[in-house]
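# Tertiary structure, described
As a plain string of letters, each chain reads:
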Amino acid sequence: MNKCDQCIVRQLSSLKALNKEEIIKLANSKTTYKVKKGEALFEEGEVTNGVFCVKDGVGKLSKLSANGKDQIVKLVKSGELLGQRSMISNEPANLTAKAIADMEVCFIPKTEIINFFNSNNQFSLNMMQSVCEDLKESENEKIALVQKTVKQRLAETLLHLHDEFGEDTDKTLKVQLTREELAGIIGTATESCIRLLSDFNKSNLIELVGKKIKLKDVRALKKLADN
């Protein structure tokens, strides 16, 4: 079964609804490959014809804005599925998926997923719920862009990076985004993001260790993000 039954993606995604027989089919249909940091899994406008299981590493889902800036919509980690929505809606990918840290992914062809849809009601329901959760997350992000200041969004993003991906041994954030990528998440210019990080550093909310970031006052950051 090539360990599909023990895979983190199966444990954390809609694939957990598959039975033993379906897991064997899944294992026989998938392709596993590595994606180096900076490389794309798929590009906006591309027809994906299946879903990607993130076994390891960190990726970003982004959209190119009218001014040519990369707006990061979401960060993805091991255990997640990508490409579900465009596969269900039969449309090309709406976002570009790129590796922020080296990734290992499995690709499951659309034909196999459709077979599971037809034969397994719980799988269909799980996948629909997953797509709905993504939609809810997207709506919340949109609301935050309008209702929260750039400073609040930066605090929120740093906390999210800390909570979702953890710390390195030196207490800095494990997932290190470039200043440009951070700016792309919070929806501001790179210069503004650099200035804000410097302000956070002076206020002892964070410590800048070269290009790395260490959270020093999580409670104060939470207070700032929520107010």
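Bear in mind that the values here come from a model prediction, so they are computed numbers and not experimental data.

Counting its secondary structure elements, the protein chain contains nine helices and eight strands. Taking 17 Å as the expected radius of gyration for a compact globule of 227 residues, we find that the protein chain reaches 19 Å, a close match to that expectation. Seen along its three principal axes, the alpha-carbon backbone of the protein chain occupies a region of about 60 × 40 × 30 Å. Out of the 227 residues in the protein chain, the part that is buried amounts to 43%. Long-range contacts, defined here as pairs at least 24 residues apart, represent 69% of the contacts in the protein chain between residues at least 6 apart. Total accessible area on the protein chain stands at roughly 12500 Å², and carbon and sulfur atoms take up 50% of it. Charge centroids of the protein chain, computed over 35 positive and 32 negative side chains, lie 3 Å from each other.

Each regular strand shows side chains that alternate between the opposite faces of the sheet. Where strand β7 (residues 206–209) meets strand β8 (residues 212–215), four bridges bridge the pair, whose relative direction is antiparallel. Note that in β8 the partner of isoleucine 206 across the bridge is leucine 215. Hairpin connection of β7 to β8: two residues between the antiparallel strands, including glycine 210 at a positive phi of 65°.

In the UniProt entry, the feature "domain: Cyclic nucleotide-binding" (unreviewed entry) is given for residues 14–110. End C-alpha atoms of residues 14–110 are separated by 15 Å, and the span's content is 18% helix alongside 48% strand.

Further remarks concern the domain arrangement of the protein chain. What the domain assignment reports for the protein chain is domain 1 (3–134) and domain 2 (148–225). A separation of 28 Å is found between the C-alpha centroids of domain 1 and domain 2. Between domain 1 and domain 2, the residue contacts involve 10 residues of the former and 10 residues of the latter. Overall, the association of domain 1 and domain 2 removes approximately 880 Å² of surface from exposure, summing both partners, and the carbon and sulfur fraction of that is 62%. By the criterion of area lost to domain 2, the three top residues of domain 1 are Ile72, Leu75 and Lys77, representing 50% of everything that side buries. At the boundary of domain 1 and domain 2, one finds two salt bridges. Of the charged contacts in the structure, one is a salt bridge between lysine 77 and glutamate 164, with a shortest N-O distance of 3.0 Å. Counting the contacts that link domain 1 with domain 2 gives four residue pairs in polar contact (both at pLDDT 80 or more). Mapped onto the side of domain 1 that touches domain 2, the elements with two or more residues apiece are β3 (50–64) and β4 (70–77). The biggest single contributor to the side of domain 1 that touches domain 2 is β4, with six residues. Along the lines of polarity and charge, the residues of the side of domain 1 that touches domain 2 split into five nonpolar, one polar and four charged.

Rules used throughout
- Residues numbered from 1 in each chain as written.
- Predicted model: local features only at pLDDT ≥ 70, side-chain atom pairs only at ≥ 80, totals over all residues.
- Heavy atoms only, no water.
- Helix = DSSP H or I, 4+ residues; strand = E, 2+ residues; numbered from the N terminus.
- Rg over C-alpha atoms; globule rule 2.2 N^0.38 Å.
- Buried < 20%, exposed > 50% of the residue type's maximum accessible area, 1.4 Å probe, protein only.
- Contact = heavy atoms within 4.5 Å.
- Areas by Shrake-Rupley, 256 points an atom, 1.4 Å probe, with all protein chains shown as cover.
- Lys, Arg positive; Asp, Glu negative; His and termini not counted.
- Charge placed at Lys NZ, Arg CZ, Asp CG, Glu CD.
- Pairing = 2+ DSSP bridges.
- UniProt positions renumbered as here; feature names shortened; annotations may be inferred.
- Domains from an automatic or database assignment.
- Buried area = accessible area lost by both parts, 1.4 Å probe.
- Salt bridge = Lys/Arg side-chain N within 4 Å of Asp/Glu carboxyl O.
- Polar contact = N/O pair within 3.5 Å; in protein donor to acceptor, adjacent residues only side chain to side chain.
- Nonpolar A, V, L, I, M, F, W, Y, C, P; charged D, E, K, R; others polar.

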